[in-house]
Amino acid sequence: MDWTALRLSLQLAVASVALLLPLGLAVGRILAWRRFRGRRVLEAALALPLVLPPTVLGFYLLVGFGADSAAGRAFVALTGHTLAFSFAGLVAASLIVNLPFAIQPMQRAFEAIPADVRAAAACCGMSPWCIFTRIELPLAWPGVLSAMVLTFVHTLGEFGVVLMVGGSIPGETKTISIAIYDRMQAFDLAGAGTMAVALLACSFGAMIVVYATSRPHGHVHD
Amino acid sequence: MTDTVAAGLCVRLVQQQPIPLDATLACAPGEMLALVGPSGSGKSTILRCIAGLWRATEGRIGCNGQTWYDAAAGIDCTPQQRGTGFVFQSYALFPHLSAQDNVEAALGHRPAGERAARARELLARVHLTGLETRRPALLSGGQQQRVAVARALARDPQVLLLDEPFSAVDRVTRQKLYRELAELRRSLALPIVLVTHDLDEAALLADRMSILHRGRTLQTGTPRDVMTRPADPLVARLVDMKNVFEARVATDGNGARGLVWNGVKLEAAVPASFELGAPVCFGVPMSGVLLHRRDRPSRGERENPVEGTVAECVTLGEDTTFALRVAGSCELLWLRVPSHVARRNGVMEGIAARASLFADAIHVMPWQDLSRETPA
């Protein structure tokens, strides 16, 4: 078991969830209720990571993070090291790769809240922040939790983009998925198997959480 | 527009899109005003405008001397600032909160220490004591409606807005809720606006009703006035007045003004604004048409006798509604009589019958092409 790789994967997953939670809440809520020009194009763009081959996405991210790009130069100027082949680069890539996993469940959860319920909350005199925390968030919570869990497990299992953007630097960019691949290349089936079981258990547990919390608030009696 | 009443609700709304509105309403404290109209007539939109959930292009909304909305002056108070109690058609209860918490959610303006007791008091007022801890999914439709009413009152609102609050409950529950609302409103000294498409409901509960058609307020008055003396044939159709016909203003041998309808002279009170010979429309509620007994035909002077053949006949419960095809025309005069009266007089399709139009029930209206303007 490569504990360093596991720890790195967990750090990456936690960072991705922590950053995507507020972003997903804000964007998911806007997409659920606001009607604006270009909304469909934005939704399509945010869903792209679902259908793009990881190598294609990884290629563009690598180019985008490189020293020749504006983002890459800005990052070097700020931190003194490059975004590509660094943990920070992995986090940035993970954010982009996980956008649909974070935003879509939250958007669907907000869409499921009847407009009249939000209107009723306003008529009750509740402030917009109070409506968000006391009404919208508890009602959207199963979707928000699903988004967080999916983002977490998807980050743990991400391989293609991580390899393209981060390479396989131990302690810096070598995540558990890369470590399993390395073990397999070295014909260490036992080591690869142990880590694969750990990932399998983690993913299965996460899916149980998703399904267990997607229970509605009950049916209205006739 | 200026507020003509310092106390109460005063509304003027105009917009073209997405739903055309051209509405003027006023509702005094303690009064219940029913907004009645077919689906899509803008009833709910008006209610949402009052609550601040929708903004009309032009207009003004004032309540108890405060301006809530004034398009020209750029005033637009938020729903939080307006202080309306809103009972939604779907009730819009917060599904994750208990009945008690639903009511407490609207008590944010009161000190925290008072909220629980006040919520219990309001739930008791709507007969829900003992059900405080239940979530909406575990309450019946009638109980949910009561929670919604308690929550609307919890705000200590300046106006109570009811958006078809009885449409989702069964008939027996509805009757019970009618009684409860009538009892509750006796203790409420605030304007209440009720949206409904049910004329009987409006007539039963409201002090005044306003008829809406395509966003326009056509007539406002007491339910009896609006339903028996509609302003024009369109309103007559909207209040389901079946007997609306075209006639001409005429005089009888004594010079008294009346109507000529299908060659038959009718005694009626014709306002002076209608010129002699002018085409007009007139309406008669079914309660203003009397079926003559077969064994003793009425020959009363004021009874405008009409004869014809029964063309349609429907018995619904204790009442029989039938149409008399008036002799010499193809027009149908509708009557409703108790079913035992219909049986005793042998009312059935194809038989000849006579009826009287009470002169004081005949309501003369401006002429309108009856075949053109039909309610949506």
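Residues numbered from 1 in each chain as written. Chains lettered and ligands numbered in written order. Predicted model: local features only at pLDDT ≥ 70, side-chain atom pairs only at ≥ 80, totals over all residues.

### A closer look at the overall build of chain A
Applied cut-off: A run of H or I in DSSP becomes a helix once it reaches four residues, and a run of E becomes a strand once it reaches two; helices and strands are each numbered from the N terminus. With C-beta atoms placed from the backbone, a contact is any residue pair whose C-beta atoms sit within 7 Å.
Summing up its helical and strand segments, chain A has 11 helices and zero strands in all. Of the regular secondary structure in chain A, the N- to C-terminal order runs α-α-α-α-α-α-α-α-α-α-α. Principal axes of the C-alpha set define a box for chain A whose edges measure 65 × 40 × 30 Å. Taking as baseline every contact in chain A between residues at least 6 positions apart, the subset at least 24 positions apart corresponds to 73%.

### Looking at the overall build of chain B
Counted only if it meets this: Around each residue's C-beta, the other C-beta atoms within 10 Å are counted; 20 or more make the residue buried, 12 or fewer make it exposed, and counts in between make it partly exposed. All C-beta atoms are placed from the backbone.
Helices and strands together make up the secondary structure of chain B, namely 10 helices and 21 strands. Along the first, second and third principal axes, the C-alpha atoms of chain B reach 80 × 50 × 35 Å. Counting across all 376 residues of chain B, residues that qualify as buried make up 43%. Sequence-distant contacts in chain B: of pairs separated by 6 or more residues, those separated by 24 or more amount to 66%.

### Observations concerning the sheet that holds strand β12 (residues 243–251) of chain B
Neighbouring strands of a sheet are bound in pairs by backbone hydrogen bonds; such pairs are parallel or else antiparallel. All names here are of chain B. This is how it is decided: A pair of strands is considered paired only if DSSP assigns at least 2 bridges between the two. To obtain an axis, a line is fitted to C-alpha atoms, over the contacting stretch when the element is a helix, and the angle between two such axes runs from 0 to 180 degrees between their N-to-C directions.
Strand order in the open sheet formed by five strands is β14-β13-β12-β15-β21, with antiparallel pairing between adjacent strands. The open sheet has two edge strands, β14 (264–267) and β21 (363–366), and neither has a second partner. Along the sheet, successive strands turn relative to each other by an average axial angle of 45°, direction set aside. By the bridge criterion, four bridges tie strand β15 (residues 279–284) to β21 in an arrangement that is antiparallel. In the strand pairing of β21, F282 is matched with V364.

### Overview of the domain arrangement of chain B
Residue and element names in this part refer to chain B. Counted only if it meets this: These domain limits were set by an automatic method or by a database of domain assignments.
What the domain assignment lists for chain B is domain 1 (9–229) and domain 2 (235–366). One C-alpha centre belongs to domain 1, the other to domain 2; they are set 39 Å apart. Of the residues lining the interface, 10 residues belong to domain 1; the matching set on domain 2 comes to six residues. Of all elements in the fold, only β10 (208–213), β11 (216–221) and α8 (223–228) reach the threshold of two or more residues within the side of domain 1 that touches domain 2. Broken down by element, the side of domain 1 that touches domain 2 gets its largest block of residues, three residues, from α8.

### Re the interface of chain A and chain B
Rules: Amino acids are sorted into nonpolar (Ala, Val, Leu, Ile, Met, Phe, Trp, Tyr, Cys and Pro), charged (Asp, Glu, Lys and Arg) and polar (every other residue, Gly among them).
Every contact between the two is made by 19 residues of chain A and, on the other side, 24 residues of chain B. Examining the composition of the side of chain A that touches chain B, we find that six residues originate from one element, helix α7 (residues 115–123) of chain A, more than from any other. Looking at the side of chain A that touches chain B, its residues break down into 12 nonpolar, six polar and one charged.

### Section: the environment of A:N98
Residue and element names in this part refer to chain A. Along the polypeptide, N98 turns up in the loop between α5 (87–97) and α6 (99–111). Considered as a pair, N98 and L52 are 46 residues apart in the sequence and their alpha carbons are 12 Å apart. Setting aside chain neighbours within four positions, we find N98 in contact with S16, L20, T151, H154 and T155.

### Some words on the nonpolar core
It is characteristic of soluble globular proteins that their nonpolar side chains tend to be buried jointly. Note the cut-off: Residues enter a nonpolar core if they are buried, belong to Ala, Val, Leu, Ile, Met, Phe, Trp, Tyr or Cys, and are joined to the set through C-beta atoms within 7 Å.
Membership of the largest hydrophobic core comes to 160 residues, with the highest contact counts inside it found for B:A34, B:I50, B:V103, B:A150, B:V193 and B:F282. Tallying contributions element by element places helix α8 (residues 128–157) of chain A first for this core, with 12 residues. Counting contributing residues, this core receives three or more from each of domain 1 (9–229) and domain 2 (235–366) of chain B. The contacts of B:I50, once residues within four sequence positions are left out, are B:V11, B:I61, B:T84, B:V159, B:L161 and B:V193.

### Thoughts on the sheet that holds strand β18 (residues 319–326) of chain B
Residue and element names in this part refer to chain B. Spatial strand order, β16-β20-β17-β18-β19: five strands in an open sheet with antiparallel pairing. One side of each edge strand has no neighbouring strand; the edge strands of this open sheet are β16 (289–291) and β19 (332–338). Here the average twist between neighbouring strands, direction ignored, is 45°. Looking at chain direction, β16 and strand β20 (residues 352–357) are connected through three bridges and run antiparallel. Bridge pairing in β20 links V289 to L357.

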